[in-house]
Amino acid sequence: MRRTLRSLALAFGLALSLALPAAAGPFPEVISLPNGFRPEGIAIGNGSTFYVGSLANGAVYRGDLRTGAGDVLVPAQSGRVSVGLEFDGGLLYVAGGPTGQAYVYDAATGASVASYQLTTGPSFVNDVVVTKEAAYFTDSFQPVLYRVPLGGAPGVAVIPLGGDFTFVPGAFNTNGIDATPDGKTLVIVQSTLGALYTVDPGTGVADQIDLSGGAVSSGDGILLDGKTLYVVQNVLNQVAVVSLAPDLSAGVIVAVVTNPLFDVPTTIDERGNRLYAVNARFSTPPTPTTAYSVVQFDK
């Protein structure tokens with residue numbers, strides 16, 4: 001009888017295991033991108049979908065954080081560059097680097113929705129954040145922000161940066177950008193000075209965030225998560241974690257995240273308690289066979 005009961009229990013357990021779906025495996029720590037892709041920006045969309053732009057030819061890659069699989073969504077286009085990008089409302093907003101342009105794509109199909117010539121002067125349109133009102137683009141070579149209406153509507157406003165903002169001629173200036181949830185305050189990083197600023201999106205007036213003598217040198221992409229600001233310090237191969245005051249007027253660098261898998265990370269985005277950084281590998285000469293990746297790490 002005991003053997004019979006044991007056999008029945010084993011049979012029931014086997015049947016139950018076959019009926020239940022297999023447990024999901026861990027998200028991969030490293031996600032490979034196409035060789036030669038030359039990534040820079042990353043945005044995480046709905047679910048576990050992520051998007052990465054290419055400096056080489058403006059292409060956008062779409063992948064799955066859960067499986068690591070993916071493919072090119074927006075094909076390579078002559079004369080285009082994809083630097084920072086943001087997902088919002090089913091659309092991808094993409095900064096066009098030295099082209100002085102910005103692009104909007106359908107995140108599901110990759111179809112072009114709109115393109116903007118933000119400036120015709122010397123420029124590097126570097127990063128973008130989308131608020132409830134507009135998309136704001138940084139320019140690393142000019143002391144301005146560009147405001148683009150949502151949904152592909154026409155009209156671009158140039159917002160001069162004033163107040164505390166310090167512009168260094170001939171250097172790489174404004175880089176990453178993010179915004180508070182209500183969109184009333186923007187946050188930017190000045191790469192050369194390692195300084196952080198809050199910016200009024202209506203006036204462009206900037207107030208420097210007091211880091212008590214600290215700095216985020218080589219600051220690139222940033223991510224505002226409540227009152228914690230993550231700042232990617234590209235050539236330093238690290239991410240600074242800044243605890244901000246409630247009014248964002250001051251902050252303290254409370255941690256510096258390093259990872260042996262970092263290889264000149266540039267931009268960052270989040271999914272739950274995980275962060276994802278793009279390895280741009282700027283210290284490695286780009287070739288058609290150069291390997292690139294996205295690295296996952298915990299907050």
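Because the structure is a prediction, the values reported are computed rather than measured. (Residues numbered from 1 in each chain as written. Predicted model: local features only at pLDDT ≥ 70, side-chain atom pairs only at ≥ 80, totals over all residues. Heavy atoms only, no water.)

Enquirer: Even after reading the chapter, I still don't get the side chain of T290, so can you show me in this structure?
Expert: With respect to the helices and strands, T290 occurs in the loop between strand 24 (274-279) and strand 25 (292-298). There is a polar contact of 3.4 Å between the side chain of T290 and the backbone oxygen of P285. A distance of 2.8 Å separates the side chain of T290 from the side chain of T287, its partner in a polar contact. Apart from residues no more than four positions distant in its own chain, T290 is found in contact with N35, G36, R281, T284 and P285. (Helix = DSSP H or I, 4+ residues; strand = E, 2+ residues; numbered from the N terminus. Polar contact = N/O pair within 3.5 Å; in protein donor to acceptor, adjacent residues only side chain to side chain. Contact = heavy atoms within 4.5 Å.)

Enquirer: Honestly, the side chain of D139 in this entry has me stumped. Any pointers?
Expert: Assignment of secondary structure puts D139 in strand 11 (residues 134-139). At 17 Å, R147 is the nearest oppositely charged side chain to D139, a buried residue that forms no salt bridge. Side-chain polar atoms of D139 contact the side chain of Y146, separated by 2.7 Å. (Buried < 20%, exposed > 50% of the residue type's maximum accessible area, 1.4 Å probe, protein only. Lys, Arg positive; Asp, Glu negative; His and termini not counted. Salt bridge = Lys/Arg side-chain N within 4 Å of Asp/Glu carboxyl O.)

Enquirer: What exactly am I supposed to notice about the pattern of salt bridges here?
Expert: Pairs can form between side chains of opposite charge whenever their charged atoms are close. One pass over the full model with this rule turns up 3 salt bridges. A salt bridge links K299 to D225, with the shortest nitrogen-to-oxygen separation between them at 2.8 Å. One end of the pair, K299, is in the segment after strand 25; the other, D225, is in strand 19 (residues 219-225), and 74 residues separate them in sequence. For K299, a relative accessible area of 39% gives the class partly exposed. One salt bridge connects E270 with K299, and the closest N-O pair in it is separated by 2.4 Å. With E270 in strand 23 (residues 265-271) and K299 in the segment after strand 25, the pair connects residues that are 29 residues apart, well separated along the chain.

Enquirer: Just to check I follow, could you spell out the pairing of strand 16 (residues 186-190) for this structure?
Expert: Successive residues of a regular strand alternate their side chains across the two faces of the sheet. Buried residues dominate strand 16, accounting for 5 of its 5 residues. Burial along strand 16 is two-sided: the face carrying L186, I188 and Q190 and the face carrying V187 and V189 are both buried. In this structure, strand 15 (residues 174-179) lies alongside strand 16, joined through 4 bridges in antiparallel fashion. Its bridge partner being in strand 16, A179 is matched across the sheet by L186. Hairpin geometry of strand 15 and strand 16 is characterised by an intervening segment of 6 residues between the two adjacent antiparallel strands and by a positive phi of about 75° at G183. (Pairing = 2+ DSSP bridges.)

Enquirer: Would you explain the packing of aromatic side chains in this entry?
Expert: Each aromatic ring pair is specified by the distance between its two centres and by the angle formed by the two planes. A complete count under the given rule lists 9 aromatic pairs for this structure. When the ring of F37 is compared with that of Y61, the centres are 6.2 Å apart and the planes differ by 70°; the resulting orientation is edge-to-face. Of the two residues, F37 is situated in the loop between strand 1 (30-33) and strand 2 (39-44) and Y61 in strand 4 (residues 60-64); the sequence distance between them amounts to 24 residues. With respect to class, F37 is no different from Y61; both count as buried. Centroid distance F124 to F172: 5.5 Å. Interplanar angle 55°. Geometry classified as tilted. On the criterion of sequence distance, the pair formed by F124 in the loop between strand 9 (112-117) and strand 10 (125-130) and F172 in the loop between strand 14 (162-163) and strand 15 is long-range, its members being 48 residues apart. Note on F172: relative accessible area 30%, which makes it partly exposed. Every member of this aromatic cluster is reached through a ring pair, and the members are F37, F50 and Y61. Directly above the ring of F27 sits R274, whose terminal nitrogen or CZ lies 4.3 Å from the centroid. (Phe/Tyr/Trp six-rings, centres within 6.5 Å; stacked < 30°, edge-to-face > 60°. Lys NZ or Arg CZ within 6 Å of the ring centre and 35° of its normal.)

Enquirer: Honestly, the sheet that holds strand 10 in this entry has me stumped. Any pointers?
Expert: Whenever strands of a sheet pair, they do so through backbone hydrogen bonds, lying parallel or antiparallel. With antiparallel pairing, 4 strands are arranged side by side in an open sheet as 10-11-12-13. Of all the strands in the sheet, the pair left with one neighbour each is strand 10 and strand 13 (157-160). Here the strands of the sheet are splayed against their neighbours by 25° on average, with no regard to which way each runs. Where strand 10 meets strand 11, 4 bridges bridge the pair, whose relative direction is antiparallel. If you follow V129 over to strand 11, its bridge partner there is Y136. (Axes fitted to C-alpha atoms, helices over the stretch in contact; angles between N-to-C directions.)

Enquirer: So what exactly am I meant to see when it comes to unusual backbone geometry here?
Expert: If a residue is not glycine, its phi is most likely negative; likewise, a peptide bond is most likely trans. The residue S218 is not glycine, and still its phi comes out positive at about 60°. In this structure S218 comes out as partly exposed when scored by relative accessible area, which is 21%. In the Ramachandran plot, L248 falls in the positive-phi region, its phi being about 65° despite a non-glycine side chain.

Enquirer: Can you walk me through the environment of R281 in this structure?
Expert: Positionally, R281 belongs in the loop between strand 24 and strand 25. By relative accessible area, which is 22% here, R281 ends up partly exposed. Placed 242 residues apart in sequence, R281 and P39 show a C-alpha to C-alpha distance of 8.7 Å. Once residues lying within four places of it in the same chain are set aside, the contact partners of R281 are D263, V264, T290, A291 and Y292. Within polar-contact distance, the side chain of R281 engages the backbone oxygen of A291 at 2.8 Å.

Enquirer: Just to check I follow, could you spell out the confidence of the model for the chain for this structure?
Expert: Atom-level detail of predicted coordinates should not be read off regions where pLDDT is low. Confidence in the prediction for the chain averages 92 pLDDT; 91% of positions are at 70 or higher. This model gives residues 1-24 a pLDDT under 50, and the stretch forms 1 contact once residues within four places in sequence are excluded. (pLDDT = per-residue confidence, 0-100.)

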